[in-house]
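Survey of secondary and tertiary structure
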Amino acid sequence: MKKTILTALALTVLASGSALAEPSNSTPHALACMKKYGFTYAQWRAYAVPADKANPYRACRDAAPAGENSGMGKSGACQRKAGFTQAQNESGQVSPEQRRKWERCMGM
């Protein structure tokens, strides 16, 4: 019994560790990658994205490491051009004009 509980606990820790290590799917770069592969954030959260779209999306998303616009690839460069930071985006402090500038830069 004790061995079963410890095994279950170990599996839970391992499973949660890998989920915590996955990059964020709500950054502007990740959302642009979703749009590129033809699905929405809601579909991603609902596990409704087929593997033929999910795998290239992950490669796109992972090509730009998270950060305060530093090293975020094209998305970070476009955020700098549009005049906002990742923290401002996450807190909803991006103006519609900044969003349009970012989208134009991203080619959306």
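Anything mentioned here points back to the structure above.
On a predicted model such as this, the values are computed, not experimentally measured, just so you know.

Counting nine residues, the largest nonpolar core is built from Ala30, Cys33, Met34, Phe39, Trp44, Val49, Ala54, Tyr57 and Cys60. Mapped onto this core, the elements with two or more residues apiece are α2 (28-37) and α4 (51-62). Those residues within four positions of Cys33 in sequence are excluded, and the remaining contacts are Tyr57, Cys60 and Arg61.

Put simply, α2 and α4 touch, their axes get as near as 9 Å, and they point 145° apart. α2 and α4 meet at a crossing whose hand is right-handed. Contacts from His29, Ala30, Cys33, Met34 and Tyr37 in α2 reach Lys53, Pro56, Tyr57, Cys60 and Arg61 in α4. Here the contact of α2 with α4 is composed, by residue class, of seven nonpolar, one polar and two charged.

Time to look at the side chain of Asn25. Considering the arrangement of structural elements, one finds Asn25 in the loop between α1 (2-21) and α2. Aside from chain neighbours lying at most four places away, what touches Asn25 is Ala30, Leu31, Met34, Tyr41, Trp44, Tyr57 and Arg61.

Before going further, it helps to spend a moment on the side chain of Gln98. Its place among the elements puts Gln98 in helix α7 (residues 96-106). A relative accessible area of 18% places Gln98 in the buried class. In this structure the side chain of Gln98 is engaged in a polar contact, spanning 2.9 Å, whose partner is the backbone oxygen of Gly83. One polar contact links the side chain of Gln98 to the main-chain amide nitrogen of Ser95, over a distance of 2.9 Å. With sequence-adjacent residues up to four places away left out, Gln98 is seen in contact with Ala82, Gly83, Phe84 and Gln93.

Rules used in this analysis
- Residues numbered from 1 in each chain as written.
- Predicted model: local features only at pLDDT ≥ 70, side-chain atom pairs only at ≥ 80, totals over all residues.
- Heavy atoms only, no water.
- Core = buried A, V, L, I, M, F, W, Y, C linked by side-chain atoms within 4.5 Å.
- Buried < 20%, exposed > 50% of the residue type's maximum accessible area, 1.4 Å probe, protein only.
- Helix = DSSP H or I, 4+ residues; strand = E, 2+ residues; numbered from the N terminus.
- Contact = heavy atoms within 4.5 Å.
- Axes fitted to C-alpha atoms, helices over the stretch in contact; angles between N-to-C directions.
- Left-handed = near helix turned anticlockwise from the far one by under 90°.
- Nonpolar A, V, L, I, M, F, W, Y, C, P; charged D, E, K, R; others polar.
- Polar contact = N/O pair within 3.5 Å; in protein donor to acceptor, adjacent residues only side chain to side chain.

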